[in-house]
Amino acid sequence: MPVRGGEVVVPAARRAPVAAGRVRTCVPDGPLDLGLVLGPLRRGPADPTFRALPDGSVWRASLTPVGPGTLRVSAYGGEVRGEAWGPGAEWLLEQLPGMLGAHDDPSAFTPRHRVVAMARHRRPGLRLTRTGLVLESLIPSVLEQKVTTDEAYRAWRSLVRKFGEPAPGPAAGGRLWVMPAPRTWALIPSWEWHRAGVDNKRASTILRAVRVAARLEQAVELSPDRARARLEVVPGVGPWTSAEVVQRSHGAADAVTVGDLHLPGIVGWALAGDRFADDGVMLELLEPYAGQRHRAARLIMLSGKVPARRAPKMPRGDIGRW
């Protein structure tokens, strides 16, 4: 039997076959674009918990209330097939319709601007996903506070691969990972946060959040506004972060993100030709979409009508001062 680096290597032909997963099929009541619906759950192109394959299928690894699980979602014709593995398989399949936007109502949205109407016409498969999980959106959102997306994605990737666990099912073996459990996050040493490029402020926010993880996960049973209020009780979690979370955990159609570095200028440029719009101007421009402001903002982002970048990118954070 071959040995590599002191480790016994089992030939592929002799490896135990992976058991077939549990399966559920859904028939959407309208057009559905898996990439658009599930794309917001991906934290960068190398997210260890998310894979999008050339065949159009999407793989996700999640830490569910009943344990880790892997979900493969694929669309064929007018049908969507979900296959899941691990202790959390049944839970993930129960959530599948919501994840595909079954709780979303695109018909409630009325475009008020030509750019929004055109984006909606070109993207009929846009639905707002609802994962039913809070922490898996909260932690990467905290990592994205006040840093470049590249820095945040690198930190998420590094911490999940180092302290998470291989996903169950055929996507295991280092290709897909389940994020750490709350207790594991709480036990990460300070130097490992530093090594991942996470400053003390963001690390402390995550540590405070995982200490009350059960209470935060219960927020999925609340309305988006009440869920945001519960999230913002955690020091370090503000309106920007809470909006980013409920957009994913609740499929909140009205949770527009304020405090973002780029979004006000993008909305201002698309709707009023104002590249220097601030949050106040953005909210005023989105007022005709009250109840659907997040959907309107997503359609604007998808329209491609964004101002040319003139200001330099946000500088990389200096984490040397703790």
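Bear in mind that the values here come from a model prediction, so they are computed numbers and not experimental data.

## Re empty space enclosed by the protein
Item 1. Evaluation of the coordinates by the stated rule reveals one cavity of 30 Å³ or more.
Item 2. Considered as a void within the structure, the largest cavity measures approximately 100 Å³ in volume.
Item 3. Lining the largest cavity we find 14 residues, and of these Leu41, Thr49, Arg60, Glu136 and Trp156 sit closest to its centre.
Item 4. Where the lining of the largest cavity is concerned, the elements lending two or more residues are strand 5 (58–64) and helix 4 (135–143).
Item 5. Per-element tally for the lining of the largest cavity: the top contributor is strand 5, with four residues.
Item 6. Looking at side-chain class alone, the lining of the largest cavity contains six nonpolar, three polar and five charged residues.

## Section: the packing of aromatic side chains
Item 1. Under the defined criterion, the tally for this structure stands at four aromatic pairs.
Item 2. An aromatic cluster is present here, built from Trp156, Trp185 and Trp193 joined pairwise through their rings.
Item 3. Against the face of Trp269 rests Arg275, its NZ or CZ located 6.0 Å from the ring centre.
Item 4. In this structure, Arg275 is placed above the aromatic ring of Phe276, and the distance from its NZ or CZ to the ring centre is 5.7 Å.

## Looking at the packing of helix 12 (residues 263–272) against helix 14 (residues 293–303)
Item 1. Close contact between helix 12 and helix 14 brings their axes to 10 Å; oriented N to C, the two are set at 75°. Classified by the angle between their axes, helix 12 and helix 14 sit roughly perpendicular to one another. Side by side, helix 12 and helix 14 meet where Leu263, Ile266, Val267, Ala270 and Leu271 of the first sit next to Ala297, Ile300 and Met301 of the second.
Item 2. Its residues assigned to classes, the contact of helix 12 with helix 14 comprises eight nonpolar, no polar and no charged.

## Topic: the confidence of the model for the protein chain
Residues shown with low pLDDT carry predicted positions that ought not to be read at fine detail.
Item 1. Across the protein chain, the average pLDDT comes to 91, with 89% of residues at 70 or higher.
Item 2. Overall, residues 1–16 carries pLDDT values under 50, and its contacts beyond four positions in sequence, including any with other chains, amount to eight contacts.
Item 3. This model gives residues 318–322 a pLDDT under 50, and the stretch forms 10 contacts once residues within four places in sequence are excluded.

## Some remarks on the side chain of Glu244
Item 1. Here Glu244 shows up in helix 11 (residues 239–249).
Item 2. One polar contact links Glu244 to Thr257, side chain to side chain, over a distance of 2.9 Å.
Item 3. The residues contacting Glu244, other than those within four sequence positions of it, are Ser141 and Thr257.

## A few points about the sheet that holds strand 5
Item 1. A sheet is described by the order of its strands in space; here five strands give the open sequence 3-7-6-5-4, paired in antiparallel fashion. The open sheet has two free edges, formed respectively by strand 3 (22–26) and strand 4 (50–52), since each of these has just one partner strand. For this sheet, the mean angle separating the axes of adjacent strands, direction not counted, is 20°.
Item 2. As judged from the three bridges shared by strand 4 and strand 5, these two strands associate in the antiparallel manner. Bridge pairing in strand 5 links Phe50 to Arg60.
Item 3. Against the sheet, helix 2 (residues 89–99) makes contact with strand 3, strand 5, strand 6 (67–76) and strand 7 (79–85), and its axis sits at roughly 10° relative to strand 3, the strand it touches most.

## A short note on the side chain of Arg293
Item 1. Mapping Arg293 onto the fold places it in helix 14.
Item 2. Within polar-contact distance, the side chain of Arg293 engages the side chain of Asp254 at 2.9 Å.
Item 3. Apart from the residues within four sequence positions on either side, Arg293 is in contact with Ala253, Asp254, Val256, Leu283 and Leu286.

## Focus: helix 14
Item 1. Of all 11 residues that make up helix 14, nine are buried, and the element is covered over most of its length.
Item 2. By the burial criterion, the buried members of helix 14 are Arg293, His294, Arg295, Ala296, Ala297, Arg298, Leu299, Ile300 and Ser303.
Item 3. Where helix 14 is buried, its residues contact helix 1 (34–38), helix 3 (114–122), helix 11, helix 12 and helix 13 (279–286).
Item 4. Phi turns positive one or two residues past the end of helix 14, at Gly304, with a value near 80°.

About the thresholds
- Residues numbered from 1 in each chain as written.
- Predicted model: local features only at pLDDT ≥ 70, side-chain atom pairs only at ≥ 80, totals over all residues.
- Heavy atoms only, no water.
- 1 Å grid on protein atoms, 1.4 Å probe; cavity = no way out; pocket = protein on both sides within 12 Å on 5 of 7 lines; lining within 4 Å.
- Points joined across faces, edges and corners; volume = space filled by probe spheres on them.
- Helix = DSSP H or I, 4+ residues; strand = E, 2+ residues; numbered from the N terminus.
- Nonpolar A, V, L, I, M, F, W, Y, C, P; charged D, E, K, R; others polar.
- Phe/Tyr/Trp six-rings, centres within 6.5 Å; stacked < 30°, edge-to-face > 60°.
- Lys NZ or Arg CZ within 6 Å of the ring centre and 35° of its normal.
- Axes fitted to C-alpha atoms, helices over the stretch in contact; angles between N-to-C directions.
- Parallel < 35°, antiparallel > 145°, perpendicular 65-115°, else oblique.
- Contact = heavy atoms within 4.5 Å.
- pLDDT = per-residue confidence, 0-100.
- Polar contact = N/O pair within 3.5 Å; in protein donor to acceptor, adjacent residues only side chain to side chain.
- Pairing = 2+ DSSP bridges.
- Buried < 20%, exposed > 50% of the residue type's maximum accessible area, 1.4 Å probe, protein only.

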